[in-house]
Amino acid sequence: MTARLRLAAQWTTLVPVFAVVLLVLTWGRELPGWIVAVVTLILAGAVLAAVHHAEVVAHRVGEPFGSLVLAVAVTVIEVALIVTLMIDGGDKSATLARDTVFAAVMITVNGILGLSLLVGSLRHGTAVFNSEGTGAALATVATLATLSLVLPTFTTSKPGPEFSTVQLTFAAVSSLILYALFVATQTVRHRDYFLPIVKQSEKASPVEEHAEAPTTRVALISLGLLGLALIGVVGLAKGVSPTIESGVDAAGLPHSVVGVVIALLVLLPETIAAVRAARRNQVQTSMNLALGSAMASIGLTIPAVALASLWLTGPLVLGLGNTHLVLLALTMVVGALTVVPGRATPLQGGVHLVLLAAYLELALNP
């Protein structure tokens, strides 16, 4: 067992470093096919390493801080990537922030949440979580999504689904305030609403019950390696995006599919971490990861692109089209019905996964 743990520590330390080195060597260059294959392999390794280091940090700081660390870390790097692509993309990037944020919301609220509920309920009979904390998180996501992605479709100050400067400023400030208020609620005032619930009839496994928390030094090293791994994941995902784009164009698919594929890659660490938590009957941790990621994606991206719009030229389209408005409304209604009871069966998980499948199908065939 000791040798196995030592081997895991070695590869999870080396892979993030390799990912960042490979990112530096390949950034901004056209990559031949064999290099793309190597990049993809290192990308997969960086995803697994990120999950490992996130769990180490989470074990040290406890919930809900652990899931918050991973959600915020992924989102901060994702926001930096979006702003970079907007600076380089010109008019083609007008809908980039909207498409990326909406993809993140659909993947997290329907994909990660639905998969976690399905895995947790199949393994433990029912997936149990705290309805107070999860309901508050979903309400915050719904409010942020409506203020940032729905209202621009109906405002009239500017032609098209765009905000005026005053409206964009209000949306950005409101997003930051709501996100900060939620984090304070989650970590300070009502932290118990976001802690995993364990059924009385079940006992924690001996490994979980007696495992010692890592030292502060080990946790700080893992935090640094987590940052490197996530930089590698997002940067390498951008590096392989031209290949993905060429494949999408060759297949005759809409260009927006590229953003969906990249969002799926970027959110892989959170997906794996959430499913692992659900298998351990810690569904609340999975819900924290899913809804926290959706919330951070909106609450941090919109202020960032609002600030970037001060020096960027061209329009900033945030309003969703009719099809996506219907999907978002249905997702929030179904999500509310899912979280109110505080427990879920495989049916609820399946419903959310069908909604994700509908979003992906309409991305391929609008």
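Residues numbered from 1 in each chain as written. Predicted model: local features only at pLDDT ≥ 70, side-chain atom pairs only at ≥ 80, totals over all residues. Heavy atoms only, no water.

Visitor: How would you sum up the overall build of the protein chain? Please name residues and give values.
Guide: If you tally the helices and strands in the protein chain, you get 13 helices and 2 strands. Taken over 366 residues, the protein chain has a buried fraction of 49%. For the protein chain, the exposed surface amounts to about 16,800 Å²; the carbon and sulfur share of it is 68%. (Helix = DSSP H or I, 4+ residues; strand = E, 2+ residues; numbered from the N terminus. Buried < 20%, exposed > 50% of the residue type's maximum accessible area, 1.4 Å probe, protein only. Areas by Shrake-Rupley, 256 points an atom, 1.4 Å probe, with all protein chains shown as cover.)

Visitor: Can you lay out a nonpolar patch on the surface for me, pointing to particular residues and giving the numbers?
Guide: Together, Val17, Val21 and Leu25 make up a nonpolar patch on the protein surface, roughly 240 Å² of accessible area in all. Relative to the elements of secondary structure, Leu25 occurs in helix α1 (residues 2–26). (Patch = residues over 30% accessible without salt bridge, like charges linked within 9 Å, V, L, I, M, F, W, Y side chains within 5 Å. Salt bridge = Lys/Arg side-chain N within 4 Å of Asp/Glu carboxyl O.)

Visitor: Explain the nonpolar core residue by residue, including any values.
Guide: Formed by 61 residues in total, the largest nonpolar core has its most connected members in Phe102, Leu117, Leu328 and Tyr359. Not counting chain neighbours up to four residues away, the residues in contact with Leu117 comprise Ala127, Phe129, Val283, Met287, Thr338, Ala344, Gln348 and Gly349. Counting 28 residues, the second largest nonpolar core, distinct from the first, contains Leu23, Val258, Ile262 and Leu265. (Core = buried A, V, L, I, M, F, W, Y, C linked by side-chain atoms within 4.5 Å. Contact = heavy atoms within 4.5 Å.)

Visitor: Quick rundown of the packing of helix α4 (residues 96–124) against helix α11 (residues 283–308)? Include the residues and the values.
Guide: It is at 9 Å that the axes of α4 and α11 come closest, and there the two elements cross at 175°. As summarised for this structure, α4 and α11 are arranged roughly antiparallel, according to the angle between their axes. Where α4 abuts α11, its residues Ala97, Val101, Ala104, Val105, Thr108, Val109, Ile112, Leu113, Ser116, Leu117 and Gly120 lie against Val283, Ser286, Met287, Ala290, Leu291, Ser293, Ala294, Ser297, Ile298, Thr301 and Val305. (Axes fitted to C-alpha atoms, helices over the stretch in contact; angles between N-to-C directions. Parallel < 35°, antiparallel > 145°, perpendicular 65-115°, else oblique.)

Visitor: Tell me about the packing of α4 against helix α12 (residues 322–339), and name the residues and values.
Guide: At their nearest, the axes of α4 and α12 sit 11 Å apart, and the two run at 35° to each other. Seen from above, α4 lies across α12 with left-handed handedness. Between α4 and α12, the residues in contact are Phe102, Val105, Met106, Val109, Asn110 and Leu117 and His324, Leu327, Leu328, Thr331, Met332 and Thr338, respectively. By residue class, the composition of the contact of α4 with α12 is 8 nonpolar, 4 polar and no charged. (Left-handed = near helix turned anticlockwise from the far one by under 90°. Nonpolar A, V, L, I, M, F, W, Y, C, P; charged D, E, K, R; others polar.)

Visitor: Run through the packing of aromatic side chains, naming residues and quoting values.
Guide: In total, this model carries 2 aromatic pairs according to the counting rule given. Ring centres of Phe102 and Tyr359 lie 5.5 Å apart, and the angle between their planes is 80°; this geometry places the pair in the edge-to-face category. Here Phe102, found in helix α4, pairs with Tyr359, found in helix α13 (residues 346–364); they are 257 residues apart in sequence, far enough to count as distant. Taken individually, Phe102 and Tyr359 each receive the classification buried, so the pair is uniform in this respect. A centroid spacing of 5.5 Å and a plane angle of 85° characterise the contact between Phe182 and Phe194, whose relative ring orientation is edge-to-face. In this pair, Phe182 sits in helix α6 (residues 165–189) while Phe194 sits in the loop between α6 and α7 (206–210), placing the two residues 12 residues apart along the sequence. When sorted by exposure, Phe182 lands in the same class as Phe194, which is buried. (Phe/Tyr/Trp six-rings, centres within 6.5 Å; stacked < 30°, edge-to-face > 60°.)

Visitor: So, the pattern of salt bridges: which residues are in play, and what are the values?
Guide: Evaluated as defined, the whole model comprises 2 salt bridges. Residue Asp99 is joined to Arg98 by a salt bridge in which the shortest nitrogen-to-oxygen separation is 3.2 Å. The partner of Lys158 in a salt bridge is Glu162, and the shortest N-O contact between them spans 3.4 Å.

Visitor: So, unusual backbone geometry: which residues are in play, and what are the values?
Guide: Within the chain, Asn281 stands out as a residue other than glycine whose phi angle is a positive 65°. Counting through the fold element by element, Asn281 comes out in the loop between α10 (268–279) and α11. A relative accessible area of 4% means that Asn281 is categorised as buried.

Visitor: With reference to specific residues and values, describe the side chain of Thr301.
Guide: Within the element layout of this structure, Thr301 appears in helix α11. Note on Thr301: relative accessible area 1%, which makes it buried.

Visitor: A description of empty space enclosed by the protein should follow, citing residues and the corresponding values.
Guide: According to the stated counting rule, one finds 1 cavity of 30 Å³ or more in the structure shown. Each pocket or cavity is described by its volume, and for the largest cavity that value is around 40 Å³. Lining the largest cavity are Gly133, Thr134, Ala137, Phe182, Gln186, Phe194, Gln284, Met287, Asn288, Leu291, Gly292 and Met295. Taken together, the elements giving at least two residues each to the lining of the largest cavity come down to α5 (131–154), α6 and α11. Top contributing element to the lining of the largest cavity by residue count: α11, with 6 residues. For the lining of the largest cavity, the class distribution of residues is 6 nonpolar, 6 polar and no charged. (1 Å grid on protein atoms, 1.4 Å probe; cavity = no way out; pocket = protein on both sides within 12 Å on 5 of 7 lines; lining within 4 Å. Points joined across faces, edges and corners; volume = space filled by probe spheres on them.)

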